[in-house]
Structure formats: C-alpha cells, structure tokens
Amino acid sequence: MGESSGNSGSSGAAGTEGRAGTEGAAAAGLPYFADPVHGPGIDTAAVTALADETLDFRFKAVPADAWGRTVRDWLATRPTLDGLGTPLLTLDAAALHHNLHTMAAWCRAAGVRLAPHGKTTMAPALWQAQLAAGAHAITLANLPQLRVARAFGVQRLLLANTLLDPAGLAWIAAELDRDPGFAFASWVDSTDSVHRMDAALRAAGARRPVEVMVELGGPGGRTGARGVPAALDVAAAVLAAPTLRLAGVGGYEGALAHDASDPALAAVRGYLADLADLHRRLAADYPTATPVVTAGGSAYFDTVAQELTPLTRQVPGTTVIVRAGAYLAHDDGFYRGISPLSRRPDTTPLRSAMHGWARVVSHPEPQLALLDAGKRDLPFDEGLPEPQLVRGHGPLEGATVTALNDQHTFLRDAGPAAPVGAVLRLGLSHPCTAFDKWSLIPVLDHADTAHPRIVDLVRTYF
C-alpha cells in the first residue's frame, strides 16, 4: 500500500485495474457512493402511499373505532391523544422538526456529511425527512433492512456491516444492474470476507463492482480489522478483486466507549487517529477521487468531526461521513446524557421526541403501582423509563420506575399522585429499541399540551 497522502495514482497493478474500471463506469454516468445526491433520494410516491394503508388490529397504537379507515381518512377526523389507549408510544412533531434541522445545521457547520443509521427507526417517512434535510445516504445494518430501503427506492445505502450471504450479494448485484441511479457501499474487515464476496459476486454475474470500505476495529470492540497493518491487507485484497471497488474506510468508535469521561474520549480519539492513519496510507490506492472516511454514532460525532475533518486537506477529495441515527428521536435517558449536542454548552441541545404512556392498573402496596406497559412496549436496555407527569394533573415528582416485566412497569413512591386509572407520561431511553416494538406510531403536534392532536402515523418495518 502507498504511504503518500496524495491521491494521484495507484501503488500496484490491482489498484490500476480498479481505477480503469472506475473510469469506465464513471464515463457511463453511474453514481458512486460519495457522489452528490440529486433528487429526493427515495421514492416519494411510495412513502406517500403509506397513507392509503387500512387501519386494523395489526396496529396496537390505534383504537378500534379507527379500523377500516385508511391512515389518511382517520387523520382527517383530527383525532387526539384522548382517544388512544395504553400502553402507547408516541412521537412529538415539534421535537422531531427541531432535532432534524438542528443536526442538519450542525453537520453543515462541522463540514461533514450525514448518513443517519436508519435501523433506529426503520421508518421510510422519517428517512425521507432526513434526506430532504440534507442527509447524503441512509445507513443500515443487515440484509432485511436493505430490502426495506430498496422497496422504498432509497438511492444511496451504506451497510455498516459485511455482507457475505451469497443470495444477498446476488440481490445487491441485481439491484445495482437494474437501477443505474443506485449507489451502495458495504464494509469488509478480513481478506477471507473479501474472497467470499468476490466469489459470490462472480457466481451471480455481477456487472457493476460493489463498493466496499475497509472497516477498522479496536481491541475488545466489535467487528473490524484489528490494527492498521491488518486493514491494509484487507484493502490490498479488495484492490485485487474485480467485483469490488475500494471506496474508503470506516468503523464504529461507540463500541470502544460508553460514556463521556476523559478515558472514554481518549479511547475514541486514539481509535480515530488510527482510522485517519489508515485513510492516509491508502490515499494513493483509492480508485476514486472522492474516498470516504466514516465513523460517528450518536454519542461521539463531535469528536469524529474534530479528528477526521483535517483529512479533507491531507487527502484531497476526502468525504467525511457521520452516521448518527438516534438524534432524530433523541431520548430522556442515555442520549440525553451523552449526545454532544446535550453535553456541550456551545451547541443547541436536542429534545426528546418520544414518550411512553401507561395506565395504573394496580396499587397493591402504598408505594407500589403497576402500569400496563412493559418490555414488549418500551425500551429498557439503556435505562428504565422516567415518570414525568400524570395526565390531567401535572408533573409527577419523586416517583421512580424500578423494573419492567413483559407487560408491566413497577412504579415506586408515587403514592396517591398515581391512583388506579391514572395515565402517566414516561420519558424513555434508547430509541433504537423503542421503534421496533411498534409498527405504527402516532405523532402528536406537541406532547406538552393538555390535549395533543395526532398529526401523523409513522409506519415502521422491522
């Protein structure tokens, strides 16, 4: 691999062949992952058609009196939160709008592109909003998620994982051949994976090369080549594979830290320094003038921007992409505490756009109440729900949630403020395990009003 920080040539025969193939594809007008986005980036008609879906028993958030109506027709009746049952998960339209545009503005100011991780919501309507606000692509984690995205015509997809399934690779190859406007990139972290991908794509008769980014990992982390030398070997294998095209490097720093302490941030910076080093070492080998370097979940995207944006000067043409996905819904738990836009005083904070609603169904002890929402309804893996208010009575002070069963929440120390029949609003932690529990999510105009109106229904596909 070349050591130069320039981007003017290739260090080996494999790289030269890759560049020639790239130039031929570019001449044919085919897009590559880092190319500018033109158009909406998604099939807007397919998203609009979601309003034609008929409501019925499949959607636990909607009341029985809505069954038989389409989403559009029911929303036209101007329903309110008062008409919905519990348990319930809702989104807040005002907070979604705030978060969407706050993050877009931050990315512009930081000089990075955004490819939000769509697995957080698996909601094509929300993906469309993110793309319309300037997102470059949608990131996903596995083959089923990719199929959902392509069903809605998403034009630029990043798989933050390695795709090894032969049937899945054959499908991706067919999608690339069928749709000249589709751009796709996958991660790869071993020479064995490169060889398996190449063999499967050859067997499928792939005509367009599949773009791949070498994934760098860290000790004790998740996937990713362990160390820069191993990652360089992976890149060499990619350059030698005619069905693949080296598009850049990437990884996930969030696997190496879980808080914003000094040691955690030092670990993140050390990892990003290695990722930058890998990118510089590969500069002369990239068969593209716009190589990608990508990192940044929802916890450390500020550090990612600080550490990686200098590469745009060191390796001309470099595109830095962050992949934060939880920012849109944000939360009242883990991300409230760790998001750079919450913990930095010089930024506009995000707002939680998701809430749980649950009814007190039992008060078996003076300081214990049981609510009708549980693990099947609300996230719990990154912190338990936070009692916020009793509908119609105001804030709930001093009460805590101590446990969740499958269908119940254990509420302590609410006393007479939460009698049987009372409905509580709960702050939630970790949107990535909230959306997957609901196939249709009501969107309220503003969750803090006395009688919030339902202004939309967000369809998810998990």
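Calculation criteria
Residues numbered from 1 in each chain as written. Predicted model: local features only at pLDDT ≥ 70, side-chain atom pairs only at ≥ 80, totals over all residues. Heavy atoms only, no water. Helix = DSSP H or I, 4+ residues; strand = E, 2+ residues; numbered from the N terminus. Rg over C-alpha atoms; globule rule 2.2 N^0.38 Å. Contact = heavy atoms within 4.5 Å. Areas by Shrake-Rupley, 256 points an atom, 1.4 Å probe, with all protein chains shown as cover. Lys, Arg positive; Asp, Glu negative; His and termini not counted. Charge placed at Lys NZ, Arg CZ, Asp CG, Glu CD. Phe/Tyr/Trp six-rings, centres within 6.5 Å; stacked < 30°, edge-to-face > 60°. Buried < 20%, exposed > 50% of the residue type's maximum accessible area, 1.4 Å probe, protein only. Lys NZ or Arg CZ within 6 Å of the ring centre and 35° of its normal. Expected span 1.5 Å × (residues − 1). Arc of directions from axis to C-beta. Pairing = 2+ DSSP bridges. Axes fitted to C-alpha atoms, helices over the stretch in contact; angles between N-to-C directions. Disulfide = S-S within 2.5 Å. 1 Å grid on protein atoms, 1.4 Å probe; cavity = no way out; pocket = protein on both sides within 12 Å on 5 of 7 lines; lining within 4 Å. Points joined across faces, edges and corners; volume = space filled by probe spheres on them. Nonpolar A, V, L, I, M, F, W, Y, C, P; charged D, E, K, R; others polar. Salt bridge = Lys/Arg side-chain N within 4 Å of Asp/Glu carboxyl O. Core = buried A, V, L, I, M, F, W, Y, C linked by side-chain atoms within 4.5 Å. Polar contact = N/O pair within 3.5 Å; in protein donor to acceptor, adjacent residues only side chain to side chain.

What follows deals with the overall build of the chain. Looking only at helices and strands, one finds 14 helices and 18 strands in the chain. Computed over the C-alpha atoms, the radius of gyration of the chain is 24 Å, within 12% of the 23 Å expected from 2.2 N^0.38 for a compact globule of 462 residues. Viewed in the frame of its principal axes, the chain has a C-alpha envelope of about 75 × 50 × 35 Å. Contacts spanning at least 24 positions in sequence make up 72% of the contacts within the chain whose residues lie at least 6 apart. Split by element, the accessible area of the chain, about 17,600 Å² in all, is 53% carbon and sulfur. A distance of 3 Å separates the average location of the 38 positive side-chain charges in the chain from that of its 46 negative side-chain charges.

As a further point, take the packing of aromatic side chains. Scanning the model with the defined rule gives 4 aromatic pairs in all. Plain terms: the ring middles of W106 and F301 are 4.9 Å apart, the flat faces sit at 70 degrees to each other, and that makes the pair edge-to-face. Of this pair, W106 sits in helix α4 (residues 93-110) while F301 sits in helix α11 (residues 301-308), and the two are 195 residues apart along the sequence. Like W106, the residue F301 is buried in the burial classification. For the ring pair F334 and Y335, a centre distance of 4.9 Å and an interplane angle of 75 degrees mean the geometry is edge-to-face. Residue Y335 is classed as buried on the basis of its relative accessible area of 10%. A cation over an aromatic ring shows up here: R245 above the ring of Y32, its NZ or CZ 3.6 Å from the ring centre.

Moving on to helix α8 (residues 191-203). Look at α8: 18 Å from first C-alpha to last across 13 residues, which is about the 18 Å you get at 1.5 Å a residue. Burial in α8 covers these residues: S193, V194, M197, D198, A200 and L201. Within α8, the buried residues cover an arc of 165 degrees as seen down the axis, which keeps them to one side. Residues H195, R196, R202 and A203 are exposed on α8 and point more than 90 degrees away from its buried face. Directly beyond the C-terminal end of α8, a positive phi value near 70 degrees is found at G205.

Turning next to helix α10 (residues 262-281). With 20 residues, α10 should cover 28 Å at 1.5 Å per step; its first-to-last C-alpha distance of 29 Å lies within 8% of that length. Along α10, the positions that sit buried rather than exposed are A264, L265, V268, Y271, L272, L275, A276, L278 and H279. Down the axis of α10, the buried side of the element spans an arc of 155 degrees, and every buried residue falls inside it. Those residues of α10 that are exposed and aimed more than 90 degrees away from the buried face are D262 and P263. Buried positions along α10 lie against β6 (210-215), α9 (228-239), β7 (244-250), β8 (292-295), α11 and α12 (311-314).

With that settled, consider the sheet that holds strand β3 (residues 138-140). Read from one edge of the open sheet, 8 strands run β2-β9-β8-β7-β6-β5-β4-β3, paired in parallel fashion. Strands with a single pairing partner mark the edges of an open sheet, and in this sheet they are β2 (113-114) and β3. Pairing geometry for β6 and β7, over 6 bridges, is parallel. Directly across from E215, in β7, lies its bridge partner G250. Across the sheet, α10 touches β6, β7 and β8, and the angle it forms with β8 is around 165 degrees.

Formally, a disulfide is one covalent bond, and it connects the sulfur atom of one cysteine to the sulfur atom of another. For the structure shown, the criterion picks out 0 disulfides. Not engaged in a disulfide, the cysteine C107 finds its nearest cysteine sulfur in C432; these two sulfurs lie 17 Å apart.

A volume near 490 Å³ is recorded for the largest pocket. Lining the largest pocket we find 29 residues, and of these K119, R222, Y252, G297 and Y335 sit closest to its centre. Class assignment of the residues belonging to the lining of the largest pocket gives a composition of 12 nonpolar, 11 polar and 6 charged. Its volume calculated, the second largest pocket comes out at about 360 Å³.

Turning our attention to the pattern of salt bridges. What the rule picks out here adds up to 22 salt bridges. Between R72 and D52 there is a salt bridge, with the nearest N and O atoms lying 2.3 Å from each other. Here R72 is found in helix α3 (residues 71-75), whereas its partner D52 is found in the loop between α2 (44-48) and α3, with 20 residues between them in sequence. Given the relative accessible area of 39%, R72 is considered partly exposed. As a salt-bridge pair, D179 and R150 come within 3.0 Å of each other at their nearest N and O atoms. Here D179, found in the loop between α7 (166-178) and β5 (183-188), pairs with R150, found in helix α6 (residues 143-151); they are 29 residues apart in sequence, far enough to count as distant.

Across soluble globular proteins, nonpolar side chains show a tendency to be buried alongside one another. Judged by nonpolar contacts, the single largest core of 136 residues is most densely connected at L308 and L424. Counting residues in each nonpolar core, the second largest holds 12 residues, with F33, A34, W187 and V292 among its members.

Turning to the side chain of H279, a few remarks are in order. Mapped onto the elements, H279 comes out in helix α10. Among the polar contacts listed, one links the side chain of H279 to the side chain of Y286, at a separation of 2.9 Å. Once residues lying within four places of it in the same chain are set aside, the contact partners of H279 are V249, Y286, P291, V292, V293, L311, V315 and T318.

Another point: the environment of G337. Along the chain, G337 falls in helix α13 (residues 334-338). Overall, the relative accessible area of 52% leaves G337 in the exposed class. Linking G337 and H117, residues 220 residues apart in sequence, is a C-alpha distance of 20 Å.

A two-sided burial pattern is seen for strand β11 (residues 368-371), the buried positions comprising L368 and L370 on one face and A369 and L371 on the other. From the end of strand β10 (residues 354-365) to the start of β11, which pair antiparallel, there are 2 residues. Looking at chain direction, β11 and strand β15 (residues 409-412) are connected through 4 bridges and run antiparallel. Opposite L368, over in β15, you have R412 as the bridge partner.

Structural measurements only, silent on function.
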